[in-house]
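Analysis of the macromolecular model
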Amino acid sequence: MATFITKEKAHEAGVLSVAISDIHDELTLERIRFRSGCRVVPEQHSEAEIRQMLRARSRKDSDSILQSLASQAGRESSWESEPIINLVDSLLDTAIRQKATDIHIEPSEKGLRIRFRIDGMLREHKHLPAWIAEPVLVRLKLLASVDITERRLPHDGSFLFESACGNANIRLSTLPVQGGEQALEKCVLRLLQTKDDGATLDSLNFRPEILQALRHAFKAPQGLFLVTGPTGSGKTTTLYAGLREIIARDINVTTIEDPVEYKLDGANQVQVNEKCGFTFATALRSILRQDPDVILVGEIRDQETARIAIRAAQTGHLVLATLHANSACAAAGRLADLGIPKSLLQEALLGVVAQRLVRTLHTGESADESASGESPHAYRGRTAIIEFLKPDGSYACGTLREDAERLVRQGITDTAEIARVLGS
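Description of the structure in this document. The model shown is predicted, which means the values in this text are computed figures rather than measured ones. (Residues numbered from 1 in each chain as written. Predicted model: local features only at pLDDT ≥ 70, side-chain atom pairs only at ≥ 80, totals over all residues. Heavy atoms only, no water.)

The next point concerns the pattern of salt bridges. Opposite charge on two side chains lets them pair, provided their charged atoms get close. Inspection of every chain in the model, using the stated rule, returns 21 salt bridges. Its salt-bridge partner being Arg-33, residue Glu-26 comes within 3.6 Å of it at the nearest N-O pair. For Glu-26, a relative accessible area of 47% gives the class partly exposed. A salt bridge links Arg-190 to Asp-102; the shortest N-O distance between them is 2.8 Å. Taken together, the residues span a long stretch of sequence, with Arg-190 in strand S9 (residues 182-193) and Asp-102 in strand S4 (residues 102-107) at a distance of 88 residues. Members of the salt-bridge network, linked through shared partners, are Glu-106, Arg-113, Arg-115, Glu-124 and Lys-186. (Salt bridge = Lys/Arg side-chain N within 4 Å of Asp/Glu carboxyl O. Buried < 20%, exposed > 50% of the residue type's maximum accessible area, 1.4 Å probe, protein only. Helix = DSSP H or I, 4+ residues; strand = E, 2+ residues; numbered from the N terminus.)

So, in structure tokens, the structure goes:
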């Protein structure tokens, strides 16, 4: 879909000017016509020009929204009032444009603090008056189909947000927190981009030895391949990149995810819904009756899922899965905690990957820590550090720490960032 931004309405009533990167994209133009009810006049602009317009519009809209909320009428705004709706939309638009992965909405007696997690780091975005917290949270709860009357219990929900900057599946989580004399609710929004970035194993900049080991695992006819790491460490990106290399073959690929982050062409993607009892284990049992060749399990989180996954890997299926473990060698211990004996795991295991994401230096120069222990350089973007543990217990090309030290020597990141991610 072409990038676009609606401009001010023309003098003629019912006419809307639209800056768009492709004036021949009739599907996008028809959507704008349908939603606006206006005759659309497209104007050709580059994507860079449109992004600049979006940034200027975002700043202008944010300032005008806050000005309207500062008035007495604004203070009486409810969740359904235009200023609150616009404030929430502006917040989500800005987060998507800045490529934030999470939004933290943190109320207190003194005010409402909003922070974005960008490149793995929480950054201050905005401080708002304390009274805005309640209507903003109610608005978000309604979007996520969450009970707005119960504030004493945590809640989870999700919704799709469509923005000119891109669409995102947003997962909402609320948690009751103490705020002086009254109980408050902290809210965290997880932003999952719906657009498939099309990453391949080659595009992830892994070393040749790691690429060879990964391709050997993905092309195996059967067995279990695990990717470990904390939330947000790129596990799904690695698995999707590997699937793209084998999905063109005449095979049946099915994924079980919570949530399905974006569409993977050629795969049957299944969304877990634990509220109605459709768990990873339930889905996996059903999929095994669907004649699968390759199964991706979004997360092995319980004993039943672990046992079914191992059994599937031993009976002619290639099973790819993620697991929360601190390192590749810790995966066996984690599965042992879930009731999988080491002997059974060794029969099916193709390999275990552990990975982390580290920020890359904007300057492209190597740097040591400053006297304060912080890096003197700016960062932009992130790259993966990775270790691949083979079934025989050896590493394909060193440990996480050794891979990180290689990036420091190459000037891609610095020792301060490695200490932040892996510890000193």
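That covers the picture; the talk isn't over yet.
Our next topic: the environment of Arg-401. Within the element layout of this structure, Arg-401 appears in helix H12 (residues 400-409). Taking C-alpha positions, Arg-401 is 9.8 Å from Gly-423, a pair spaced 22 residues apart along the chain. In contact with Arg-401, not counting residues within four places along its chain, are Ile-418, Leu-422, Gly-423 and Ser-424. In this structure the side chain of Arg-401 is engaged in a polar contact, spanning 3.4 Å, whose partner is the backbone oxygen of Leu-422. (Contact = heavy atoms within 4.5 Å. Polar contact = N/O pair within 3.5 Å; in protein donor to acceptor, adjacent residues only side chain to side chain.)

Before going further, it helps to spend a moment on the nonpolar core. Of all hydrophobic cores here, the largest spans 40 residues; its most connected members are Leu-224, Leu-226, Ile-256, Val-297, Ile-300 and Leu-335. No other element matches the 6 residues that helix H9 (residues 303-314) contributes to this core. Leave out the neighbours within four places in its chain, and Leu-226 touches Ile-300, Ala-321, Leu-323, Ala-331, Leu-335, Leu-349, Gly-351, Val-352 and Val-353. (Core = buried A, V, L, I, M, F, W, Y, C linked by side-chain atoms within 4.5 Å.)

Turning to the packing of H12 against helix H13 (residues 415-422), a few remarks are in order. Two elements in contact, H12 and H13, have axes whose closest approach is 10 Å; the angle formed by their N-to-C orientations is 160°. As summarised for this structure, H12 and H13 are arranged roughly antiparallel, according to the angle between their axes. The two elements H12 and H13 meet at a crossing, and its hand is right-handed. Note on element contacts: H13 touches H12 through Thr-415, Ile-418 and Leu-422, opposite Leu-400, Arg-401, Ala-404 and Val-408. (Axes fitted to C-alpha atoms, helices over the stretch in contact; angles between N-to-C directions. Parallel < 35°, antiparallel > 145°, perpendicular 65-115°, else oblique. Left-handed = near helix turned anticlockwise from the far one by under 90°.)

Within a beta sheet, neighbouring strands are joined by backbone hydrogen bonds and run either parallel or antiparallel to one another. Here we have 7 strands laid out as an open sheet, ordered S12-S11-S13-S14-S10-S15-S16, and mixed in their pairing. The strands lining the two open edges of the sheet, one partner per strand, are strand S12 (268-271) and strand S16 (379-389). Geometrically, the sheet is characterised by an average inter-axis angle of 20° between neighbouring strands, direction not taken into account. Pairing of strand S10 (residues 223-228) with strand S15 (residues 349-361), which is carried by 5 bridges, proceeds in the parallel orientation. Directly across from Thr-228, in S15, lies its bridge partner Ala-354. Strands S15 and S16 of the sheet are contacted by H12, whose axis makes an angle of about 140° with S16. Here H13 sits on the sheet in contact with S15 and S16, set at roughly 135° to S15. (Pairing = 2+ DSSP bridges.)

Turning next to the environment of Ile-85. Structurally, the position occupied by Ile-85 is in helix H4 (residues 82-97). Measuring from C-alpha to C-alpha, the distance between Ile-85 and Leu-140 comes to 9.4 Å, with 55 residues separating the pair along the chain.

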